Amino acid sequence: MPAVRIRRRKAVALASAAVLAGLAVPTLTPATAGASAPAHETPAAQARVDAVADYYDGAEGKTGEALKSALNSIISDQTKLSYSAVWDALKETDEDPSNSGNVILLYSGVSRSKSLNGGDVGDWNREHVWAKSHGDFGTSTGPGTDIHHLRPADVQVNSVRGNKDFDNGGSAVANGGGSLTDSDSFEPRDAVKGDVARMIFYMAVRYEGTDGWPDLEPNGSVNNGSAPYIGKLDVLKAWNEQDPPDAFEQRRNDVIHESYQHNRNPFIDHPEWVESIW
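This is a predicted model, so every value here is computed, not measured.

(A) Representation of the overall build of the chain. Across its full length, the chain carries 11 helices and 11 strands. The long-range share in the chain, meaning contacts at least 24 apart out of those at least 6 apart in sequence, stands at 64%. About 11,100 Å² of surface is accessible on the chain, with carbon and sulfur atoms providing 51% of the total.

(B) Layout of the sheet that holds strand β8 (residues 180-181). With mixed pairing, the four strands of this open sheet are ordered in space as β6-β9-β8-β7. Strands at the two margins of the open sheet, each flanked by one partner only, are β6 (165-166) and β7 (171-172). As paired elements, β6 and strand β9 (residues 185-187) share two bridges and run parallel to each other. Counterpart to phenylalanine 166 in the pairing with β9 is phenylalanine 186.

(C) Quick look at the side chain of histidine 128. By secondary structure assignment, the location of histidine 128 is in strand β4 (residues 124-128). At a separation of 2.8 Å, a polar atom in the side chain of histidine 128 contacts the main-chain carbonyl oxygen of glycine 144.

(D) Just the pairing of strand β2 (residues 99-104), in detail. With two bridges connecting them, strand β1 (residues 95-96) and β2 associate as antiparallel partners. The residue bridging aspartate 96 from the neighbouring strand is asparagine 99, located in β2. Between β1 and the antiparallel strand that follows it, β2, lie two residues. Taken together, the three bridges between β2 and strand β3 (residues 111-113) define a ladder with antiparallel strand orientation. When the sheet's bridge partners are listed, valine 103 is paired in β3 with arginine 112. Joining the antiparallel neighbours β2 and β3 is a turn of six residues, in which glycine 109 adopts a positive phi near 80°.

(E) Representation of the pairing of β4. Within β4, five of the five residues are buried, which leaves it mostly tucked inside the rest of the structure. For β4 and strand β5 (residues 150-154), the ladder comprises five bridges, and the chain directions are antiparallel. Pairing of tryptophan 124 across the sheet is with aspartate 154, part of β5.

Conventions we followed
- Residues numbered from 1 in each chain as written.
- Predicted model: local features only at pLDDT ≥ 70, side-chain atom pairs only at ≥ 80, totals over all residues.
- Heavy atoms only, no water.
- Helix = DSSP H or I, 4+ residues; strand = E, 2+ residues; numbered from the N terminus.
- Contact = heavy atoms within 4.5 Å.
- Areas by Shrake-Rupley, 256 points an atom, 1.4 Å probe, with all protein chains shown as cover.
- Pairing = 2+ DSSP bridges.
- Polar contact = N/O pair within 3.5 Å; in protein donor to acceptor, adjacent residues only side chain to side chain.
- Buried < 20%, exposed > 50% of the residue type's maximum accessible area, 1.4 Å probe, protein only.

So, in structure tokens, the structure goes:
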């Protein structure tokens, strides 16, 4: 393993420990990612900023398709999980910060016992935010098990979402925490709109059709069916702006990088890159 990768993982390990201890996580923007630490910032928090900046060395100075290609090269270096291993991973990545025995469900926002994972009413299951039928990749190791877009969701709410594209509008989803749906789209609750958008953009950059999986892309449509597309692009871009990354989302990114897949969602670290690419 190259020395630079070892240094990166050690630095992020320190930073992740700081986040897990409840320290504030700074938003990473071009201004902060390479800047000196403010006087009040802890060494561990600054270590996270430095480590994340180092992770994206290959993307520095790039925009548009060149940026997308560079990010694909960076984040494609990952450890892949089995679908059964996803259960335990989600119990850590989506742990309720106020109750270590629970996970936070994506669409409803409910805190539910980690032990209630399954397929019955009242359980939570593994939601593919990029619907697995959009590209027909199923639950095979690869996009079907990539925990950057797999989240705990209430079984019934997950069923309502199904494989619908994302758009604004619709009627309230029962026990959906403010989520809405209609015949061809799903709108998540406000607090995770940006999370959903950034997961979709991650998938579109990670899976470019070069490693045996479909070339996934957001587009301006709904009713994409089994085509490897999800819409609506303009809505997802607006959600990314309206709901910036919070501490829960940033911690999740850190845990996936350090403990599971060893890659990151670049749009959590740099949400401004969405506009640069799309």
